[in-house]
Each structure stands twice: as C-alpha cells, then as structure tokens.
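# Observations on the model geometry
Read off the chains here:
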Amino acid sequence: MRNRQALYSPPRRGGEYTRPKIFLKEILICLAFIVGSERAWGQKKPSQELVLPSSNMTVTTRLDRTAVWPGDQFHYLIIVEYPSDYEFVLDNLTKETVNMDPFQVIDVGKNLIVQKNSGRKLFVDMTLANFVTGQTSTQIPQFTLYYFRKSDRSAVAEQAAAESLSVPGPVIGIRSTLPSEPEDIRDGVTLNSWNHNRWIFAAVAGICGALLLVGLGREAVLFVRRMKARKGPDRHKAMEAVRSRWVSGIPLEFTDRKSCSMFYDHSSQSLKEYMGYYLDTSTMGLTPEEMQDEMRRLGAKPDLTQKVAKVLEVCERLRYAQDGLPADTDVARSIAHDMQEILKAAR
C-alpha cells in the first residue's frame, strides 16, 4: 500500500495538490501482468487424447535420385525415429495396399531397428516407377503411417486406438525428350507422289508376276497328272531287268556276221530302253543325234552322253550295212565293252 500511495498520491506544494506523475515503465509492467493473468485464466485443461510431441519423433525422407525419366525406377526412403512407448502398424505396408499414384509401386520394404537407448528407428523403403510426362517436376504423394501407444494398447491389438502420422512427399524432377504439349509423337514427313511412268513399270512387273504364277501352277498340274498317269514296274527294277537281258544276249564269239548283226540290234534296243528308264522319258524312237540332245537337255553327264551317242551311231550304221560285209570282231567287242561301262555308270 505504501508503494501504491507513493506512486499515485500527489505531493503537496503550498497546501495544494498537483497532478500525479505517471511513469511509462510502470504502466507497461502492469499491463503485462494483467494480460498474463487473463491468458492463464482462459486456458483449458489438457485432454487425454494422444498428441505426439515433435521432440519425441523425427521423420526423414530421402530419394536416391533427384530426377527420373519415364520408365525409370527409384527408391523413396522414409526414416522414423521414435521412443519405445509407441508401436507402428507394419502389416499393411505391401505393394498391393500402398497407393502412390501417379507412381507405380514396384516393391515395399520395411525394417525396424532397436537402438541402444531403447529407442526405435523404422525404415520404409519403397521402389517406385515413374511414367509421368509433360512436367518438369512433381511431388511424391503423402504417405500415412499408423501407430498406437503401448500404454493405451488393449489385450487385443486390433482393438487398440491407432493414430496416423502423415509424411509429406518430397519433390522429384521429371525428365522427358517429348515437349510439354506435343502435337504428334511423329515428325511430319512429306511423301513425294510417283510419276506416271513409274506406275507403268509397276503394272508390267505385276503382269509378269501373274504370268509366272500361272505358269508355275500349270507345270504343277501337269506334273501331278503325269505322276498319276504313270504306270508300270519300278524304274530301278526295270533297269536291272534290261541289264540282265542284254548280258544274256551277248554271243560267245563275234565271228559270224549274222550273230554280230543280231548283237548290234539287241544292244541298240536295250540301250534305248535302259536310257529311257534312266532319264524317265520315252527314248525308243530317237536317233543317235536326238538321244544326245535329249540327254544334254535333261542334264546327263557329258562323258556318258558321248558314249551313248557313239554306241547308238555304230549300232545303227552296222545294222543297215550292205549284205556280204564281213563281221568286225574288234568293233563288236568294243561295243560290248562300252555297253558294260554305260550300264555301270547309269544306275
């Protein structure tokens, strides 16, 4: 009371009251006490709802890349440090349940480490794939973790009151070779039209191709018809029969003119029949020159062609020689030798 009277009681001078002296410092101190008292009175009693102090829990986010291209995969790591009074729910952290749109979740890994000070450190490693285009950067979506306090945990874990911890995502750069608003993903290419002369060559080539196909089809049809119409014994068996028949018709001696003439005729007919089976064509009515041309056309060996033409020419000439011509033993033996070589080569 003494101090207040000293502060506010005006002193007297000559029996009169003067105006009180008011100091600014004392007024400000009074106002501060009044305002502080009003705030203290207006505070409400704290509720029992869990409010996690920021000093007890720290959240850190890391990216292994600062920018990604479309199709690239990158790791998004969330590190949460918290005391042992809390426990996080990790059963729902799978790639099927985690949604990080527009990024595709490839894999989700989680690892809990107990520190020496009984604290906990939770690592959540997500592998994401980027398919975003048309932007220079984008923010990774917010990720939510759920936890509960062990003191409030009931007998059954599912009945515990869980709280959520929202982790804002960092910003990552987006790189792309496409412009932000492309009109078309392909460059415009001007096509030069063909001249009329070029169309003529194309038409001629098409007609030739059609004629070639028609010719090939006709040859195929004829080949099938020939195969169906072909009748008779097996070609190799027929050739062996002709060879055996010719060998059996060789005379013991070539001293008789009639025997030599019959041998020439027998050799000529057997050779034509044998070559007909060998070439798979009809050769019975061919002359030596025609036989040579036919063998060349069908691709027979040159030495075989010359030997066959030589034997046929000699046989034809001696068959139609004038009567009274003596038998030439050396010529007959030469023909027999050539026939044996032909029958061995053409098999």
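This structure is a prediction, so every number in the text was calculated from the model and none was measured. (Residues numbered from 1 in each chain as written. Predicted model: local features only at pLDDT ≥ 70, side-chain atom pairs only at ≥ 80, totals over all residues. Heavy atoms only, no water.)

### Considering unusual backbone geometry
Here is the rule we go by: Secondary structure elements follow DSSP: runs of H or I of four or more residues count as helices, runs of E of two or more count as strands, with numbering from the N terminus.
A cis amide bond, omega 15°, links Asp101 with the succeeding residue Pro102. With respect to the helices and strands, Pro102 occurs in the loop between strand 6 (86–88) and strand 7 (104–114). Positive phi, close to 65°, is recorded for Ser118, a residue that is not glycine. Assignment of secondary structure puts Ser118 in the loop between strand 7 and strand 8 (120–129). Positive phi outside glycine occurs at Asp280, with the angle close to 60°. Examined against the element boundaries, Asp280 turns out to sit in the loop between helix 5 (257–279) and helix 6 (288–297).

### Things to note about the sheet that holds strand 7
Here is the rule we go by: Two strands are counted as paired when DSSP detects at least two bridges linking them. To define axes, lines are fitted to C-alpha atoms, for helices over the stretch in contact only, and angles between the resulting N-to-C directions are given on a 0 to 180 degree scale.
The strand order across the open sheet built from four strands is 3-5-8-7, with neighbouring strands paired in antiparallel fashion. Looking at which strands have only one partner, the edges of the open sheet turn out to be strand 3 (58–63) and strand 7. When strand polarity is set aside, the average angle formed by the axes of neighbouring strands in this sheet is 15°.

### Here we look at the side chain of Thr127
Worth spelling out the cut-off: Relative accessible area decides the class of each residue, using a 1.4 Å probe on protein chains only: under 20% of the type maximum gives buried, over 50% gives exposed, and in between gives partly exposed. Distance and chemistry together define a polar contact, namely a pair of N or O atoms within 3.5 Å, with one atom able to donate a hydrogen and the other to accept it when in protein, and with adjacent residues in sequence counting only for side-chain atoms on both sides. Any pair of residues with heavy atoms lying within 4.5 Å of one another is described as a contacting pair.
Along the polypeptide, Thr127 turns up in strand 8. Judged by its relative accessible area of 11%, Thr127 falls in the buried class. A polar contact of 3.4 Å, which involves the side chain of Thr127, links it to the side chain of His75. Residues within four places of Thr127 in sequence aside, it is in contact with Gln73, Phe74, His75, Gln104, Val105, Ile106 and Asp107.

### Some words on the sheet that holds strand 9 (residues 137–139)
Sheet architecture is open: three strands sit in the order 4-12-9, paired in mixed fashion. Of all strands in the sheet, those with a lone pairing partner are strand 4 (67–68) and strand 9, marking the two edges.

Geometric values such as these leave the question of function open.
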